[in-house]
Amino acid sequence: MDTRTGQVLSTNAKYDDALSVDLPAWSREAFGLAFRIENDARMALLGENYAGARGGFSDAVMITLGTGVGERL
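Residues numbered from 1 in each chain as written. Predicted model: local features only at pLDDT ≥ 70, side-chain atom pairs only at ≥ 80, totals over all residues. Heavy atoms only, no water.

## A look at the pattern of salt bridges
Pairs may arise between side chains of opposite charge once their charged atoms sit close together.
Logical step 1: Within this structure, the stated rule accounts for two salt bridges.
Logical step 2: With a closest N to O distance of 3.5 Å, Arg4 and Asp2 form a salt bridge.
Logical step 3: We classify Arg4 as exposed; its relative accessible area is 75%.
Logical step 4: Owing to a relative accessible area of 15%, Asp2 belongs among the buried residues under this scheme.
Logical step 5: Linking Arg42 and Glu38 is a salt bridge whose minimum nitrogen-to-oxygen distance equals 2.7 Å.
Logical step 6: Its relative accessible area of 48% is what places Arg42 among the partly exposed residues. (Salt bridge = Lys/Arg side-chain N within 4 Å of Asp/Glu carboxyl O. Buried < 20%, exposed > 50% of the residue type's maximum accessible area, 1.4 Å probe, protein only.)

## Topic: unusual backbone geometry
Logical step 1: The phi angle at Tyr15 is positive, at roughly 55°, despite the residue not being glycine.
Logical step 2: Among the structural elements, Tyr15 can be located in the segment before helix H1 (23–31). (Helix = DSSP H or I, 4+ residues; strand = E, 2+ residues; numbered from the N terminus.)

## Quick notes on a nonpolar patch on the surface
Logical step 1: Judged by side-chain polarity, Val21, Trp26, Phe31 and Leu33 come together as a nonpolar surface patch covering roughly 420 Å² of accessible area.
Logical step 2: Within the secondary structure, Val21 sits in the segment before H1.
Logical step 3: For Val21, a relative accessible area of 37% puts it in the partly exposed group. (Patch = residues over 30% accessible without salt bridge, like charges linked within 9 Å, V, L, I, M, F, W, Y side chains within 5 Å. Areas by Shrake-Rupley, 256 points an atom, 1.4 Å probe, with all protein chains shown as cover.)

Below, the structure written as structure tokens:
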């Protein structure tokens, strides 16, 4: 994802039709709302920073584990 434009850049051979969807336009049309998308690990850290375990500290580090790719059959 391009977090600035909301454009899908790659699908790892999953959801290939997402490459042609204008998600910000769809969100405005369907819901009347602005659209933002972000990496899930980055959002987890931002959530901890805002309302979680980071409280009282000026710095934080989060390590997430994952495969980085979707399941392939």
